[in-house]
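This is what each chain is made of:
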Amino acid sequence: MSRIEAPRGTFDILPEQAAARAALERTARELLEPAGYGRIETPAFEATDLFTRGVGEATDIVQKEMYSFDDGGGRSLTLRPEGTAPVCRAYVEHGMHKLPQPVRVYYLSSFFRAERPQKGRYRQFWQLGIEALGSDDPAVDAEAIVLLATLLDRLGTQGVRLRLSSLASPATRAAYHDELGAFLRAHADRLAPAVRERIELNPLRAFDSDDPGTRAVMAEAPRLLDRLEPDDAEHFAAVRALLECAGVAYEIDPTLVRGIDYYTRTVFEFTSDALGAQSGVGGGGRYDGLVEMLGGPSTPGVGWAAGVERMLLAAGEPAVDPIPLDLFVAHEDARLEAFALVTEARAAGLAAQMELAGRSLKTQLKTAERLGARHVAILDGDAVRLRDLRTGAEQTAAREAVVDLLVAA
Ligand code: HAM
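Source: prediction; values computed, not measured. (Residues numbered from 1 in each chain as written. Predicted model: local features only at pLDDT ≥ 70, side-chain atom pairs only at ≥ 80, totals over all residues. Heavy atoms only, no water.)

## Looking at the site of the ligand
- The ligand sits among 26 residues. The nearest are Glu82, Glu115, Tyr122, Glu131 and Tyr263.
- A distance of 2.9 Å separates a nitrogen atom of the ligand from a polar side-chain atom of Thr84.
- A distance of 3.4 Å separates a nitrogen atom of the ligand from a polar backbone atom of Gly303.
- Coverage of the ligand by the protein chains reaches 96% of its 660 Å² of free accessible surface.
- Secondary structure elements with two or more residues in the shell around the ligand: strand E6 (124–133), strand E10 (280–286) and strand E11 (301–307).
- The dominant element in the shell around the ligand, judged by the number of residues it contributes, is E10, at six residues.
- In terms of residue class, the shell around the ligand is made up of nine nonpolar, ten polar and seven charged. (Near = heavy atom within 4 Å. Polar contact = N/O pair within 3.5 Å; in protein donor to acceptor, adjacent residues only side chain to side chain. Areas by Shrake-Rupley, 256 points an atom, 1.4 Å probe, with all protein chains shown as cover. Helix = DSSP H or I, 4+ residues; strand = E, 2+ residues; numbered from the N terminus. Nonpolar A, V, L, I, M, F, W, Y, C, P; charged D, E, K, R; others polar.)

Structure (structure tokens):
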């Protein structure tokens, strides 16, 4: 029969890889929870409208990367491609605007995008993300950015750069889009066809192009950062001052575009040159209109998400010590007695395992050593030979006495 493999762009997390992920999760929790962020998890699928409305009709995510399906009752559901719109949905659904603001949450979940798979880019991937809802204070933006910088530092991520920009308010951006559109149309003959086609849909994407002709035009293009209204400019200046106060280095990148439509004001992206083409480790920004767009009260928000696989790639897998094994029970055909001893040892709080594969006693002793067991109990009739594998000392004990002896050891 033909073999069935995991779908393209997905991967298994095997036990030896799970340890590194657990370590990353612990590092994240120890950083985020004391800073006031509580864990949230939302469903793996949502109403498709949440993402078409939230992420934006014209984005690559909505246009070609969503796994959408009919739920059988004529409703369209989508495997979540990102976590910000779902968190905003949950904020509204649970009336969290009545809680003290800002409401700060984090998540560590898997997300789904039908992208072309390559190193660091998968169809099911994991993100660690935070969202802070209900405050437009620039200190919330700065806090979020500093937290991600600190996390990447604690994980040992190599070659990290932070790029920062402001996308202003929707009104400023609309006026700027018109200005940029007019500029692009005036230089249409020098633009790549793909860019020319998208002038009306999303002129900002022209800054992303690798085409030399387009790049030459874009070097002369008007910049949104030069068009900020005074309150947006003031907000951006405050975020920058706070980052400087925290000693976090950044580069202003007026061409930073994020591929999601909900952003307003601050946007940022962390890259690592330890990664290849997919150099984005994490990114985010402010989304002051999103909650309202999803039918909730007008609520500012800011957050980020970082790819777990990319953080592990850029940081190298952390060394993780296995849980030390207190006892290995070796036996030949004394399954019942061995099982009773292991059960009793575990009930007493010891880490215990028993032989489960019918190996010879000699091989069982080697297995106990390979597992790093502190003691091995060799069942021999009613008596137990209890050997300390560190010292080699051996004593004989009654089976009922073994656990007490180990607990006292
Ligand atoms: P995003 O930039 O689309 O933002 O994704 C955040 C991070 O997820 C990326 O920097 C990357 O590390 C990782 N990532 C994205 N797509 C893939 C993929 N196909 N395979 C592996 N890793 C991937 C968001 O998702 C926003 N929700 C972030 C945010 C939160 N903004 C505000 N709050």
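## Some points on unusual backbone geometry
- The omega torsion across Gln101 and Pro102 is -5°, close enough to zero to call that bond cis.
- Positionally, Pro102 belongs in the loop between helix H4 (84–93) and strand E5 (103–112).
- The backbone of Ala168 sits at a positive phi, close to 60°, despite the residue not being glycine.
- Mapped onto the elements, Ala168 comes out in the loop between strand E7 (160–166) and helix H6 (170–186).
- What makes Ala168 buried here is its relative accessible area of 0%.
- Even without glycine at this site, Asp333 takes up a positive phi of about 65°.
- Overall, the relative accessible area of 81% leaves Asp333 in the exposed class. (Buried < 20%, exposed > 50% of the residue type's maximum accessible area, 1.4 Å probe, protein only.)

## Considering the sheet that holds strand E4 (residues 76–79)
- The sheet built from three strands is open, its strands ordered E2-E4-E3 with antiparallel pairing. Each end of this open sheet is capped by a strand with a single partner; those strands are strand E2 (45–47) and strand E3 (68–70). Taken pair by pair, the neighbouring strands of this sheet meet at an average axis angle of 35°, ignoring direction.
- Bridge count for E3 against E4 is three bridges, and the pairing is antiparallel. Residue pairing in the sheet places Ser68 in a bridge with Thr78 of E4. (Pairing = 2+ DSSP bridges. Axes fitted to C-alpha atoms, helices over the stretch in contact; angles between N-to-C directions.)

## Some words on the packing of helix H1 (residues 15–32) against helix H5 (residues 138–155)
- Their axes nearest at 10 Å, the elements H1 and H5 cross at an angle of 140°. One way to sum up the angle between H1 and H5 is to call them oblique. Crossing geometry of H1 relative to H5 is assigned as right-handed. On H5, the residues that touch Leu24, Thr27, Ala28, Glu30, Leu31 and Leu32 of H1 are Leu147, Thr150, Leu151, Arg154 and Leu155.
- Its residues assigned to classes, the contact of H1 with H5 shows seven nonpolar, two polar and two charged. (Parallel < 35°, antiparallel > 145°, perpendicular 65-115°, else oblique. Left-handed = near helix turned anticlockwise from the far one by under 90°. Contact = heavy atoms within 4.5 Å.)

## Notes on the pattern of salt bridges
- Summed over all chains, the structure comprises 26 salt bridges.
- For Glu309, the salt bridge identified is with Arg21, shortest N-O distance 3.0 Å. Of this pair, Glu309 sits in helix H11 (residues 308–315) while Arg21 sits in helix H1, and the two are 288 residues apart along the sequence.
- Relative accessible area serves as the criterion here: at 15%, Arg21 is assigned to the buried category.
- Connected through shared salt-bridge partners, Asp60, Lys64, Arg205 and Asp208 make up one network. (Salt bridge = Lys/Arg side-chain N within 4 Å of Asp/Glu carboxyl O.)

## Notes on the sheet that holds strand E12 (residues 327–330)
- Read from one edge to the other, the open sheet built from five strands follows the order E13-E12-E14-E15-E16, with strand pairing classed as mixed. Of all the strands in the sheet, the pair left with one neighbour each is strand E13 (352–354) and strand E16 (394–398). Along the sheet, successive strands turn relative to each other by an average axial angle of 25°, direction set aside.
- Pairing of E12 with E13 involves three bridges; the strand directions are parallel. Note that in E13 the partner of Leu327 across the bridge is Ala352.
- On the sheet, helix H12 (residues 335–347) packs against E12, E13 and strand E14 (375–380) and is oriented at approximately 170° with respect to E13.
- The sheet contacts of helix H13 (residues 361–370) involve E12, E14 and strand E15 (383–388), and relative to E12 the element is tilted by about 170°.

## Some thoughts on the packing of aromatic side chains
- Throughout the structure, instances matching the rule amount to seven aromatic pairs.
- Between Phe268 and Phe270 the ring centres are 6.4 Å apart and the planes differ by 85°, which places this aromatic pair in the edge-to-face class.
- Judged by its relative accessible area of 0%, Phe268 is buried.
- Here Phe270 falls in the buried class, since its relative accessible area comes to 2%.
- Three or more aromatic residues link up through ring pairs in this structure, and these residues are Tyr107, Phe111 and Phe125.
- The residue whose ring lies beneath Arg80 is Phe111, and the NZ or CZ to ring-centre distance is 4.9 Å.
- Sitting over the face of the ring of Tyr37, Arg104 holds its NZ or CZ atom 5.4 Å from the ring centroid. (Phe/Tyr/Trp six-rings, centres within 6.5 Å; stacked < 30°, edge-to-face > 60°. Lys NZ or Arg CZ within 6 Å of the ring centre and 35° of its normal.)

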